[in-house]
Each structure stands twice: as structure tokens, then as C-alpha cells.
Amino acid sequence: SVAKNKNTSTKTLEKLSEDLFVRHSVTSNPNTSSETLDKLSNDEDWTIRILVASKPNTSTKTLEKLSEDKEWEIRERVAMNHNTSSKTFSFLYTN
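Overview of the structure.

Counting residues in hydrophobic clusters, the biggest one holds 14 residues, and the most contacted among them are Val26, Leu40, Val52, Ala53, Leu66, Ile74 and Val78. Elements with a minimum of two residues in this core: α3 (34-40), α4 (46-54), α5 (60-66) and α6 (72-80). In terms of residue count, the dominant contributor to this core is α4 (four residues). Sequence-distant contacts of Leu66, that is, excluding residues within four places in its chain, are made with Ser41, Arg49, Val52, Ala53, Ile74, Arg75 and Val78.

Here is the structure:
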């Protein structure tokens, strides 16, 4: 699919991220921008949010927001992400 294709542009991926049925593929694509990942971090589907928390190009700001997610699996992925700030990591450690 276009959403999984590594050659798909970030602009196209942003547009595709609005489609309920292709969000997983968009989130998994390495070309998905941090801006699109930030939008997807608000998704009601926790499996989308866990993918966002796992991405190496997720911004520290988005990871900070996801560190307060109600789902422990998402907070765990935030803790494992190399972009997580020491402030966010400390928050996760104490909560």
C-alpha cells in the first residue's frame, strides 16, 4: 500500500493519516514526520499511540505528552524511546 511504501512523501503520509483504515500503516512508515506523529498521538486507538511512542522520530514534546497516557504499555514505550528527555524519564520513574 502507499501508506507502507518507504518512498511515500511526508505530505502524502500526513493526508493518509486522516483515514481511519490506514493510520497503522502511516504510523509505521519511517517517512512519517514528527508533526504527523504528534497528531496521531491524540488518536483514540491506543495501538496507534503505542506505535507513535515507539518511533525514533517522535518529538520529545510528544513523548512527554504520551508519558501521561492512561495505558501503561504506551508509557513503557516512551521510557524505551531514545528521544525521551531526562525530565520525562524521571517523571515516568516516579509515577
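Back to the write-up after that little detour.
Moving on: the pattern of salt bridges. Overall, the coordinates contain six salt bridges when judged by the stated rule. The shortest N-O distance in the salt bridge between Asp69 and Arg49 comes to 2.6 Å. Here the residue Asp69 occupies a position in the loop between α5 and α6, and Arg49 occupies one in helix α4, the gap between them amounting to 20 residues.

Calculation notes
Residues numbered from 1 in each chain as written. Predicted model: local features only at pLDDT ≥ 70, side-chain atom pairs only at ≥ 80, totals over all residues. Heavy atoms only, no water. Core = buried A, V, L, I, M, F, W, Y, C linked by side-chain atoms within 4.5 Å. Buried < 20%, exposed > 50% of the residue type's maximum accessible area, 1.4 Å probe, protein only. Helix = DSSP H or I, 4+ residues; strand = E, 2+ residues; numbered from the N terminus. Contact = heavy atoms within 4.5 Å. Salt bridge = Lys/Arg side-chain N within 4 Å of Asp/Glu carboxyl O.

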